[in-house]
Amino acid sequence: VQLQASGGGLVQPGGSLRLSCAASGSISTIIALGWYRQAAGKQRELVAAITGGSSTNYADYVKGRFTISRDNARNTVYLQMNGLKPEDTAVYYCNARTQIGAYVTYWGRGTQVTVSS
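The sections below set out a description of the structure shown in this document. Quick caveat: nothing in here was measured; it's all calculated off a predicted structure.

1. Focus on the nonpolar core
Part 1: By size, the foremost hydrophobic cluster in this structure holds 29 residues, and its most contacted members are Trp-35, Leu-79, Met-81 and Tyr-92.
Part 2: Secondary structure elements with two or more residues in this core: strand E1 (2–6), strand E3 (17–24), strand E4 (30–38), strand E5 (45–51), strand E7 (66–71), strand E8 (76–81), strand E9 (90–100) and strand E11 (111–115).

2. Overview of the pattern of salt bridges
Part 1: Under the counting rule described, the total for this entry stands at 5 salt bridges.
Part 2: For Asp-88, the salt bridge is made with Arg-37, and the minimal N-O distance between the two is 2.9 Å. With Asp-88 in the loop between E8 and E9 and Arg-37 in strand E4, the pair connects residues that are 51 residues apart, well separated along the chain. Both residues of the pair, Asp-88 and Arg-37, count as buried.

3. Observations regarding the state of the cysteines
Part 1: In total, this model carries 1 disulfide according to the counting rule given.
Part 2: Paired by a disulfide, Cys-21 and Cys-94 hold their sulfur atoms 2.1 Å apart. Classification of the bridge connecting Cys-21 and Cys-94 rests on its S-S torsion, roughly -90°, and on that basis the disulfide is left-handed. You can see Cys-21 sitting in strand E3 and its partner Cys-94 sitting in strand E9, a full 73 residues away along the chain.

4. Topic: the pairing of E9
Part 1: One ladder, built from 8 bridges, connects E4 with E9; its direction is antiparallel. Paired with Gln-38 across the bridge in E9 is Val-91.
Part 2: As paired strands, E9 and E11 are joined by 3 bridges and run antiparallel to one another. The residue of E11 that forms the bridge with Val-91 is Gln-112.
Part 3: Bridge count between E9 and strand E10 (residues 102–107): 6 bridges; the pairing is antiparallel. What sits directly across from Thr-98, in E10, is Val-104.

5. Concerning the sheet that holds E8
Part 1: Ordered in space as E1-E3-E8-E7, the 4 strands form an open sheet in which the pairing is antiparallel. In the strand order of this sheet, the two ends are held by E1 and E7, each with one partner. On average, each strand axis in the sheet is inclined to that of its neighbour by 15°, with strand direction left out of account.

The rules behind these values
Residues numbered from 1 in each chain as written. Predicted model: local features only at pLDDT ≥ 70, side-chain atom pairs only at ≥ 80, totals over all residues. Heavy atoms only, no water. Core = buried A, V, L, I, M, F, W, Y, C linked by side-chain atoms within 4.5 Å. Buried < 20%, exposed > 50% of the residue type's maximum accessible area, 1.4 Å probe, protein only. Helix = DSSP H or I, 4+ residues; strand = E, 2+ residues; numbered from the N terminus. Salt bridge = Lys/Arg side-chain N within 4 Å of Asp/Glu carboxyl O. Disulfide = S-S within 2.5 Å. Pairing = 2+ DSSP bridges. Axes fitted to C-alpha atoms, helices over the stretch in contact; angles between N-to-C directions.

Next up, the structure:
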């Protein structure tokens, strides 16, 4: 599975961005897609995830501000980020969890999100 993320950039506090991640390759093995982020000097952490059945899971610090969704026809997962705060500044990574017998996780290249005035 290959993942191509896009949509990062510089935005002012309170602004919005939408990240996209297009999946290709063995799409049928994907059981969940997600977004993680890693701020400078910190560990990578889960932001949001969505399963094939469209069940979602969010980190507490983004609930009510971020929305994850997927377009199965385009094999794409989105992260709509509203009400951005400076502490949301990080590199955001797309993640695909697959199952081919064992579970295997794939990562896309990160996209930088900077929230600053």
